[in-house]
Every structure is written in C-alpha cells, then in structure tokens.
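Listed here are the chains, written in short residue letters.
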Amino acid sequence: MNKQKRIAAIHDISCVGRCSLTVALPILSAAGFDTSVLPTAILSTHTGGFEGFTYRDLTEDIKPISDHWQSLNIQFDALYSGFLGSFEQIDLVADLFDTFRTDNTLVMVDPVMADNGVLYSIYSPEMAKGMAKLCAKADIIVPNLTEAAFLLDEEYIGENYSQEYIETTLKKLAALGAKKVVLSGVSFEGDKLGAASYDSETGNFSYAFNDKIEGYFHGTGDVFGSALLSALLNNFTLAEATQIAVDYTQMCISLTQKAELEKRYGVCFERAIPDLIKRLGLFSE
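Residues numbered from 1 in each chain as written. Predicted model: local features only at pLDDT ≥ 70, side-chain atom pairs only at ≥ 80, totals over all residues. Heavy atoms only, no water.

Draft legend 1. Spotlight on the sheet that holds strand β8 (residues 140-141). Pairing within the open sheet is mixed, and its 9 strands lie in the order β3-β2-β1-β4-β5-β8-β9-β10-β11. Taken across any chain shown, the strands that pair with only one partner, and hence form the sheet edges, are β3 (55-57) and β11 (204-211). The pairing of strand β5 (residues 106-109) with β8 spans 2 bridges and is classified as parallel. Residue pairing for β8: Met-108 is matched across the bridge by Ile-140. (Pairing = 2+ DSSP bridges. Helix = DSSP H or I, 4+ residues; strand = E, 2+ residues; numbered from the N terminus.)

Written as structure tokens, this is what we have:
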C-alpha cells in the first residue's frame, strides 16, 4: 500500500448547515486521506438562511496550533484553506503555508468570501485584497465568478460574459501567482453549469459541465473544492479533476432536490460519496 497522504484543511466549523469543515473532512477522508483540521471560526449555523447565529473568531488559536504541529515535525502533502474568520488570519495562514510547504506539497486556496456579486457579511474590500495576496502563495486557486472579480478588483458583470472573458479572467487570476486556476459557476448555455480551468504552465484551458439544476444551494463550493482536491491528490489531471468535481457536486444537488430537503441545510453530499469513491478508482468489489 502506498503511503497515506495527509492534508491540513483550514476552514471554519458551522455546527449546523453542511459546509466548510463538516463537508471537507468527510469527503477528503472518504477519498483516502489523513485529514487534519485547523478551525478558523466556530458558528452555530452557517450564515446563509439562518438568523441570530453565534460566531467565535479563532484567530488567536492558529499560531499555537501551527507551532505545536511544527514541534511534532508533522508534514503535509496538501494544505487547503477556505473561509477565514478575520483579516489577521490571512497573514497567519500565509505563514503556515511557508512553514509546512515542501517541494511535494500542494497548496490550494478557495478564497471563500463572496457570491452573487456580494461579499459575505463579515468580509470587507480590505480582506478581499488580502485574500489576493494569499492566493499568490497557492499552487491552485478555486474562486467563483464573484470572488474572481473581487480578487482582481474588477466589476462583477453577472451572467453576461463570453468564453473570451472567462479565459482572460483565468489568465489574470493566474498572474496573481497560482499556476493553476479553477473558476466555478461558469455557464455558456442555460441548461448547463460547471467550471473552467487553466494551467499557466501548459497554457491549456478546459471546461467541465453538467446539467444545471435551478435554485441556490448552500455549501456547494466546499463540496466542489473538496472533490477537486481529492481527485488531484489521486493523480487525476486538472481537467479530469474538474469534471469529477462538477459531476459530484451536481449529483449532490440532484439528490437534495429529489429528497425535497430544506436548502439552507446544505446539499446531501453524504449519499453521493460512494459514487465519488468509484470515480476516483478507490472502490473494489
């Protein structure tokens, strides 16, 4: 058996509502990885569709956790950051990347901060600029179209875009520093939705689509990012990994819709995990 890869997942914990660590941890673990976690904040629920949620900022815990890991000489095959709970955490996570990355470590940043043209409630334009600096330290970044606009300090143009715009945006995002970029929420046809990817080293663009399911479903970005990383670390190409992530996310949405579950609790990713494992080639009869 090959050496088991270890991932550090740096995200918040929403105690209710499937997103962030409560999505990343089970998906990455099911994909065969030893997944360590570093919580950036703890919320009673996620922020979409719930009122009166509690929020505890864990900024002060990040460096002590990192220092303890370093004292134990823990090594990681991947570092994966998502929602950060404060402006100060951007520099702390950047330092953590510098501390733990090696020539064989994949660093992936999902700049979780905005959707539908609007920053999340605790984020500011200053944090968006800081997130761009963190993205510069990554090997791969996974923004949606809104986050891409904030990272590039450009106006969000909504759904009125061309393939040329998407590819220009991908190149601009790669110019921030990450060699690979996956842009989620891309659609050129009304009944299809997916993602576009770009590898600046090869100059190759690729697209991955599946049937679009109408409605807004919380937590799908975390599902997508975790599936993408799972495929990359199982040695799929960027184009292959993006298609796997698109298909898995679409299946999770489809299962949620068929079960008529309340959308604000997130998508039914658990029931689709066996299909992801098969797609990754990890399932044996």
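Following the structure, the description resumes.
Draft legend 2. Geometry of the nonpolar core. Core analysis: the largest hydrophobic core is formed by 45 residues, its most contacted members being Phe-97, Met-131 and Leu-134. If we ignore the near neighbours within four places in the chain, the residues touching Leu-134 are Ser-81, Leu-84, Ile-90, Val-93, Ala-94, Phe-97 and Val-109. One finds Ala-24, Leu-228, Ala-241 and Ala-272 within the second-largest nonpolar core, a separate group that totals 40 residues. (Core = buried A, V, L, I, M, F, W, Y, C linked by side-chain atoms within 4.5 Å. Buried < 20%, exposed > 50% of the residue type's maximum accessible area, 1.4 Å probe, protein only. Contact = heavy atoms within 4.5 Å.)

Draft legend 3. Broad picture of the packing of helix α3 (residues 87-100) against helix α4 (residues 125-135). Here α3 crosses α4 at 5°, and the two axes come no closer than 9 Å. In this view, α3 runs roughly parallel relative to α4, as classed from their interaxial angle. Each of Phe-87, Ile-90, Val-93, Ala-94 and Phe-97 in α3 lies in contact with α4, whose residues at this interface are Glu-126, Met-127, Gly-130, Met-131 and Leu-134. Among the residues making up the contact of α3 with α4, the classes are represented as 8 nonpolar, 1 polar and 1 charged. (Axes fitted to C-alpha atoms, helices over the stretch in contact; angles between N-to-C directions. Parallel < 35°, antiparallel > 145°, perpendicular 65-115°, else oblique. Nonpolar A, V, L, I, M, F, W, Y, C, P; charged D, E, K, R; others polar.)

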